[in-house]
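Read off the chains here:
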Amino acid sequence: MFDRKRILLDLYSRLYNAFGPRHWWPGDSPFEVVVGAILTQNTAWRNVKKAIGNLKAAGILSPDALQHLPVQDLAAVIRPAGYYNIKALRLKHFWGFLFQKNGGDLDRLLAEDLDTLRGKLLSINGIGPETADSILLYAGNKPTFVVDTYTKRILFRHRLMPEDVSYDEVRSFFMDSLEPKIAMFNEYHALLVHLGHTFCLKKNPKCRECPARGWNDE
Ligand code: SF4
């Protein structure tokens, strides 16, 4: 019988044993995690780090400062993150929502239950499911699974999902199979990202040395 829980726990053990804890998400506060989650859309984390460093150096990494800064000025500061005009607008949309609906109180917003908060985040212009789930899991400590391109690729290559699988199908695959443990969902996503970066490359995956070699081969 197809035992999804056993299969997913097996991959988790393989990756954790090989890579150890990933200490993800880097950020000094839930606020910084939200900013990072929006900035990391379609770009590598090293570019996000530079953009966040610029925000810190300019003394504007705070809800009030981001709320009042003109969007063009914000775009100039976050330029290293790429797509900076769009991302500046997205940050402004998020903070517009936060100030209009929650008086600028991020903690109060993040205290809402998972499904209510997820629905609200997804209603904000520029916040898609991956960004919403990253905010929920890493800033809000909610037991949701973050799905990304690497996760889909790995499941496809191991014959667990079709190549064109949707975000929600993959999220359900994990969340319907595993206990809703925040620490594990946190670590599992980070391990899959590391696997995608180091072994399960888009071209020429390094299967021979990969800790997931033989996974789901029974
Ligand atoms: S690199 Fe190969 S063995 Fe490793 S996860 Fe990707 S397809 Fe699987």
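Residues numbered from 1 in each chain as written. Predicted model: local features only at pLDDT ≥ 70, side-chain atom pairs only at ≥ 80, totals over all residues. Heavy atoms only, no water.

A word on the packing of aromatic side chains. Counting across every chain of the model gives 14 aromatic pairs. Between Phe174 and Tyr188, the ring centres sit 5.4 Å apart and the planes meet at 90 degrees, which makes this aromatic pair edge-to-face. Here Phe174 is found in helix α11 (residues 167-175), whereas its partner Tyr188 is found in helix α12 (residues 182-198), with 14 residues between them in sequence. An aromatic cluster of at least three residues, connected via ring pairs, comprises Tyr12, Tyr16, Phe145, Phe173, Phe174, Phe185 and Tyr188. (Phe/Tyr/Trp six-rings, centres within 6.5 Å; stacked < 30°, edge-to-face > 60°. Helix = DSSP H or I, 4+ residues; strand = E, 2+ residues; numbered from the N terminus.)

Right, let's get into unusual backbone geometry. A cis amide bond links Trp24 with the next residue in sequence, Trp25, at an omega value of 20 degrees. Along the polypeptide, Trp25 turns up in the loop between α1 (4-19) and α2 (30-39). Positioned with a positive phi, Tyr83 is a non-glycine residue whose angle comes to about 45 degrees. By secondary structure assignment, the location of Tyr83 is in the loop between α5 (71-77) and α6 (84-102). With a phi angle near 55 degrees, Asn141 is a residue other than glycine that sits in the positive phi range. Take Asn141: it is sitting in the loop between α9 (129-139) and α10 (149-157).

As a working rule, side chains carrying opposite charge can pair if their charged atoms are close by. The final tally for this structure, using the stated rule, is eight salt bridges. Two residues, Lys120 and Glu112, come together in a salt bridge whose shortest N-O distance is 2.8 Å. Notably, a salt bridge pairs Arg171 with Asp133, separated by 3.5 Å at the nearest N-O pair. Of this pair, Arg171 sits in helix α11 while Asp133 sits in helix α9; the two residues are 38 residues apart in sequence, bridging distant segments of the chain. We classify Arg171 as buried; its relative accessible area is 13%. Classification of Asp133 by relative accessible area gives buried; the value is 0%. (Salt bridge = Lys/Arg side-chain N within 4 Å of Asp/Glu carboxyl O. Buried < 20%, exposed > 50% of the residue type's maximum accessible area, 1.4 Å probe, protein only.)

This part is about the site of the ligand. As a structural note, the neighbourhood of the ligand is formed by Arg157, His158, Leu195, Phe199, Cys200, Pro205, Cys207, Cys210, Ala212 and Arg213. Looking at the shell around the ligand residue by residue, the class counts come to seven nonpolar, one polar and two charged. (Near = heavy atom within 4 Å. Nonpolar A, V, L, I, M, F, W, Y, C, P; charged D, E, K, R; others polar.)

In this section: the side chain of Arg153. Examined against the element boundaries, Arg153 turns out to sit in helix α10. Look at Arg153: it is buried, it has no salt bridge, and the nearest opposite charge is Glu163 at 7.9 Å. Within the structure, the side chain of Arg153 is placed 2.5 Å from the backbone oxygen of Cys200, a separation counted as a polar contact. When sequence neighbours within four positions are dropped, the list of residues in contact with Arg153 reads Gly196, Cys200, Leu201 and Lys202. (Lys, Arg positive; Asp, Glu negative; His and termini not counted. Polar contact = N/O pair within 3.5 Å; in protein donor to acceptor, adjacent residues only side chain to side chain. Contact = heavy atoms within 4.5 Å.)

Time to look at the domain arrangement of the chain. The domains assigned to the chain are domain 1 (4-23 + 145-209) and domain 2 (30-139). Look at where the C-alpha atoms of domain 1 and domain 2 centre, and you get two points 25 Å apart. Listed as interface residues are 12 residues of domain 1 and, on the opposing side, seven residues of domain 2. In this assembly, domain 1 packs against domain 2 so that about 810 Å² is buried in total across both faces, 60% of it on carbon and sulfur atoms. Considering only the surface of domain 1 that becomes buried against domain 2, Val146, Tyr167 and Arg171 emerge as the three largest contributors, covering 52% of it. The interface formed by domain 1 and domain 2 includes one salt bridge. Linking domain 1 to domain 2 there are four residue pairs in polar contact (both at pLDDT 80 or more). Tallying contributions element by element places α12 first for the side of domain 1 that touches domain 2, with five residues. Of the residues in the side of domain 1 that touches domain 2, the class split is seven nonpolar, two polar and three charged. (Domains from an automatic or database assignment. Buried area = accessible area lost by both parts, 1.4 Å probe.)

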